[in-house]
Amino acid sequence: MTPFKHWLDRTGMGSVLLLALLLIVVFPLCLDLFRLNLVGKYLCYAFVALGLVMLWGYGGVLSLGQGVFFGLGGYGMAMFLKLEASDPVTTKIQSTPGIPDFMDWNQLTALPMWWEPFRSFPLTLLLVLVVPTLIAFVIGFAMFKRRVGGVYFAIITQAIALILTVLIIGQQGYTGGVNGMTDLKTLLGWDTRTNSAKYILYFVSVGLLLGSIVLCTWIQKSKLGTLLLAMRDKEDRVRFSGYDVSMFRVFAFCLAALLSAVGGAMFTLQVGFMSPSLVGIVPSIEMVIFAAVGGRMSLVGAVYGALLVNFGKTYFSESFPDLWLFLMAAMFIGVVLGFPEGLAGLYTNKVKPWWQRRMAARKATPPAVVPKRAEPVATTEPGALPPGISSQQT
Amino acid sequence: MTFSDMMNIGLMQGFAGLSLFSVLLLMGLGLAIIFGQMGVINMAHGEFMTIGAYTIFAISHLTESFAPHLMGAYFPFAIAVAFVVAFFVGWGVEWAFIRHLYKRPLDTLLATWGLSLGMQQIFRSTFGPKEVSPTLPDWLMGSWSPAEGLDIPLNGLFVMALSVFVTCGVLIALYKSRWGLRVRATVANRTMANATGINTKRTDRLTFAIGCGIAGVAGAAFTTIGSTGPTSGGLYIVDAFLVVTFGGAASLLGTVVSAFGIAQTQSVTEFFMSGSNAKVLTLSAIVVILMLRPQGLFASKVRR
Amino acid sequence: MSRDHVPTPKFQQRRRLLQGAAALSMSGVAGLALAQQFPTAKVNTTKLAVTDTEVVVGQLHSATGTMAISETGSIQAEQLAIDQINAMGGVLGRKIRVIKEDGASDWPTFAEKSKKLLVNDRVAAVFGCWTSASRKAVLPIFEKENGMLYYPTFYEGLEQSKNVIYTGQEATQQILWGLDWASKEKKAKTYFLVGSDYIWPRTSMKIGRKHIENVLKTKVVGEEYYPLGHTNFNSLINKIKVAKPDVIFAAVVGGSNVAFYKQLKAAGVTADKQFLLTISVTEDEVLGIGGENMAGFYSSMKYFQSLDNPNNKKFVEAFRAKYGKDAVIGDVTQAGYLGPWLWKAAVEKAGSFDVDKIAAASAGIELKTAPEGYVKVHENHHLWSKTRIGQAQKDGQFKVVAESPELIQPDPFPKGYQ
């Protein structure tokens, strides 16, 4: 094999390059702007799925509340955009010009203090990245230090998603309530609703996504990634070896939160509004299914999973709205029962060996055995666990 | 506001708390059995409650059409039927996929979530997307007034009585019956239970089905309070889980205590502040306490 | 074919001529002729989906999800109106074809589907939305892509757009006259306000409170909001019992309605002991609540199924013929029915399908065949309409006990109430 192919195989970059090709070249050429915008939206969900691959696939911790961080990032960006769209000139028909319209309807007469930082873009970016990570740190620290994991953790994250949803809807004077923040027009004077803006935002999302994948792959290949996997499978041994398991888990949780927040912010920019219906329990669980369908161990798979499930949702809910829920149900159940490693698993377990066998047969060289090397643990293939050992904590 | 008025309000408010307590208890009991004893997260628990509710609706509809003179008596019978229907559906579900997933609790979560979506769609296709309500018998309507100004809703009393009955039934079954013995043995040490000849697979199936049956009864009870629609299950699921987790998953006593605590907190705070704030406060308190004591109030003393 | 439904067209003479001339499908021939009067190039200068024989419109409601319960009626009514229009020859000689999209009770989905309808399908008009959240989510898209939305729900006002025709009442129309009537009827001095916790009830109660305190010079003794989907109202009912208001003014929405009224009844709070006026219960909700739980309470709407006028009798008959004899028709359903008719009238008045022209032509259009009696489009794109008070009956219908003597002017930005 050429050095390049060798490098591709070793770092797992082959699939990433393929994905990059698809997103950067194929989609923009084949799809019209409307569909491309949709793909951009789905890619925002892919950020969350990436985080879940790191947290759940590698860390073994299932969070059913990633919508919280998605929402925090999204709302942060929305607040900035809303303030920008609510300058005194545009809002002069309100009782109090210069504040967002929903505050006016709720008889607020001045901008609450905690909205002020969102007037500045650098500060907004900082808050969008820092606040969700910080909250993840607090929650993670409290939970993991006490060795809360598995199921309990999942339920608590659900409760947190519920709390945030009820809070946002209840405090509608400050957050826009159940309507969310709508009518977001410009980013620093640049109109985000024009066609060219949509293209630019799409490519920015793609860039950020690919960057995140590279970052996560780097983490996976490093010692940190190996440790995460080890913690997932045999927590006690890692602990006995002297590592602080809880801090690693906290790290994974914060990473997932950061990625989700970035996804949320890009979502707000591309779609033009933010709503509590993206924060709650149902969307959080759907984000898990994106990762599950794509393969919870595979970063690239997570992106494909997000794209596939969302495409399915759009097309099926258009044509067969009644059938769609059944399909979703079947997907959940099928992914869990039938192919737990998702599409990526299907690819690595079935498609790739078959392809390799064909290539080898074609070469007609003696024992066309593709050397079954001991795959380093941190590749896109799920480590084959001996039967009887569950890949999850009970 | 005279003193007796305040007493009355206090009593009625206390009753409201008790009423909420019995609602949460019914919801949590079925889940506690399934989750606590078997470690299975059943995200479709809310949908089993909805099965019970729709069963009541169907029977009420049938009684109205074919045997209107039985309207007064159909309700208890319908509750029993709700139990049976939910029981059998639970049996079928356990056989179909839960039994493959015992070692993978997180996967059960996802699979049962998918199941809940499918069940919601079945409800929608069968009963329509509109919310429905059974016609309740007259003896359930209205209130009981032991004193002037003191009105205790009859359906609240009924739900309370039902939960007491069901809880006692479950406790007796668990601690006095052969089934209960088998369940406790399986929970304590599955391998040994198998070795002593207990068919753990059947025990699991029976337990799951009974848990679902109780959910059906809970759903039946809720028809006296609110209406039923395909998505009604989702309203209760998080509360039910919190009740169970807060109480300590392996302990039924924990479920009772936690349901009581959560209900009273919610009720009292609701009286003094707005509904949304009360809910946020209660939920946050639960989450904080869970963070400090993740095993819940009554932790299992058994090493799992 | 009922000719009575047709609002007086300008080209009645020509139509009569054709009627006499052709023996076969009158509608087809008339249609073709009209289409020739209005060549596509002239009536469609903005590349909408209009051909010589067909015009495409969109319908965007929730067929699934929690709002499906409420939006089904609107979907049915709009379809009935479109079918009736098509049976009469369509609009400007073109038959209407509907593209139905499902918002799935999810506002982001509403936004996405509305984009699809306007950008991809280039529909000439959209009949849709129900909750304020869905409308707010799609409004920026309609304004940017210059679409036309016919919105049927009674809502909180504080909005006005060239791209929306609001066929439901806005808050001041529903509330002010209703409160005046309640205070006179009951000689009320104290009010208790209850609502679900989101923008519509909150804004409605804000307006209501200002009216109660400043105009009626009476007192508000309690104001409570509960999250959507909340079902435990025992504490609230106890609070109400403590406060002993003359009138409960309720804006509880959705599933909570059922729990609220059932629990009220269970707590002994019935119509003979407590006066209750609501702005959020129509015949559709009573179907879920149960007539016996609502009996005696009052609702303030512009339309009730039991309205006694010839337009309504025909409408109810046609609706029942199509959707079953047990079908109930609420205020929003009727407002949905008005949408396609108002659109047709605007198109005919403007002589074009272009949204700008329709928007300009809409003001002043009257519909004398509306089931609620008569409506007129105001410049602010809302409707002049009467408000009625209905008393809920055990069978699920409402008995109209009072009606505003005049048409009430829509005022989405009421001075003094903000």
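The residue numbers shown here count from 1 along each chain, following its written sequence. Throughout, the order in which chains and ligands are written sets their labels, letters from A for the former and numbers from 1 for the latter. A pLDDT threshold of at least 70 governs which residues receive local features in this predicted model, and a stricter bar of 80 or more applies before side-chain atom pairs are shown or counted, although totals over entire chains, interfaces and linings include all residues. With hydrogens and water set aside, each side-chain value is computed from the structure's full complement of heavy atoms.

Help me understand the interface of chain B and chain A, please; the structure alone is not making it clear to me.
Many authors give the size of an interface as the accessible area that is lost as the parts come together. With 37 residues of chain B in contact, the opposing surface of chain A contributes 44 residues. When the area that chain B buries against chain A is broken down by residue, the three leading residues are Leu106(B), Leu110(B) and Met291(B), summing to 19%. For this document, the term salt bridge refers to a Lys or Arg side-chain nitrogen within 4 Å of an Asp or Glu carboxyl oxygen. Inspection of the region where chain B meets chain A yields 1 salt bridge. For Asp107(B), the salt bridge goes to Arg296(A), with nearest N and O atoms at 3.3 Å. Going along the chain from the N terminus, every DSSP run of H or I of four or more residues is numbered as a helix, and every run of E of two or more is numbered as a strand. Of all the elements in the fold, those that place two or more residues in the side of chain B that touches chain A are helix H4 (105-127), helix H9 (233-247) and helix H11 (275-292) of chain B. Take the side of chain B that touches chain A: its biggest share by element is 14 residues, from H4(B). Two residues qualify as a contact provided that any one of their heavy atoms is within 4.5 Å of a heavy atom in the partner residue. Buried area: the accessible surface (1.4 Å probe) lost by two parts on joining, summed over both.

Looking at this structure, I do not really get the nonpolar core. What am I missing?
Soluble globular proteins tend to bury their nonpolar side chains together. In this text, buried Ala, Val, Leu, Ile, Met, Phe, Trp, Tyr and Cys residues form a nonpolar core when linked through side-chain atoms within 4.5 Å. Accessibility here uses a 1.4 Å probe with only protein chains present; expressed as a share of the type maximum, an area under 20% marks a residue as buried, one over 50% as exposed, and anything in between as partly exposed. If you look at the biggest cluster of nonpolar residues, it comprises 303 residues, and the most contacted ones within it are Leu23(A), Leu43(A), Phe70(A), Val303(A), Phe260(C) and Tyr261(C). Take this core: its biggest share by element is 19 residues, from helix H3 (residues 33-58) of chain A.

I'm lost on the interface of chain C and chain A in this one. Help?
The interface of chain C with chain A comprises 25 residues on the first partner and 30 residues on the second. Taken together, both faces of the contact between chain C and chain A bury some 2,600 Å²; the carbon and sulfur share is 57%. Taken together, the links from chain C to chain A amount to 1 salt bridge. Salt-bridge contacts for Lys41(A) lead to Glu112(C); the nearest nitrogen and oxygen are separated by 2.4 Å. Side-chain atoms alone can form a polar contact between residues adjacent in sequence; in general such a contact is a pair of N or O atoms within 3.5 Å, and within protein one must be able to donate a hydrogen while the other accepts it. Linking chain C with chain A are 3 residue pairs in polar contact (both at pLDDT 80 or more). Of all the secondary structure elements, the ones that give two or more residues to the side of chain C that touches chain A are strand E2 (95-102), helix H5 (107-120), helix H6 (132-145) and helix H8 (199-215) of chain C. Three residue categories are used. Nonpolar comprises Ala, Val, Leu, Ile, Met, Phe, Trp, Tyr, Cys and Pro, charged comprises Asp, Glu, Lys and Arg, and polar comprises the others, including Gly. For the side of chain C that touches chain A, the class distribution of residues is 9 nonpolar, 4 polar and 12 charged.

Help me understand the sheet that holds strand E10 (residues 298-301) of chain C, please; the structure alone is not making it clear to me.
Picture the strands of a sheet paired through backbone hydrogen bonds; they go either parallel or antiparallel. All names here are of chain C. Strand pairing follows a simple DSSP-based rule, namely that at least 2 bridges must link the two strands. Ordered by their spatial adjacency, 7 strands build an open sheet running E7-E6-E8-E9-E10-E14-E15, and the pairing between neighbours is mixed. Two strands bound the open sheet, and with one partner strand each, they are strand E7 (219-226) and strand E15 (398-403). The sheet shows a mean angle of 25° between the axes of neighbouring strands, direction not considered. Pairing geometry for strand E8 (residues 247-251) and strand E9 (residues 275-278), over 4 bridges, is parallel. Looking at E9, one finds that Val 247 is bridged to Phe 275. Geometry is summarised by axes, namely lines fitted to C-alpha atoms with helices restricted to the contacting stretch, and by angles between N-to-C directions that run from 0 to 180 degrees.

How should I be thinking about the side chain of Glu159(C) in this particular structure?
Residues and elements named next belong to chain C. Relative to the helices and strands, Glu 159 is located in the loop between strand E4 (149-151) and strand E5 (164-166). By relative accessible area, which is 4% here, Glu 159 ends up buried. Looking at Glu 159, its side chain comes within polar contact range of the side chain of Lys 136, at 2.5 Å. Separated by 2.8 Å, the side chains of Glu 159 and Tyr 166 make a polar contact. Beyond its immediate chain neighbours, meaning those up to four positions away, Glu 159 contacts Arg 135, Lys 136, Leu 139, Tyr 166, His 382, Pro 412 and Phe 413.

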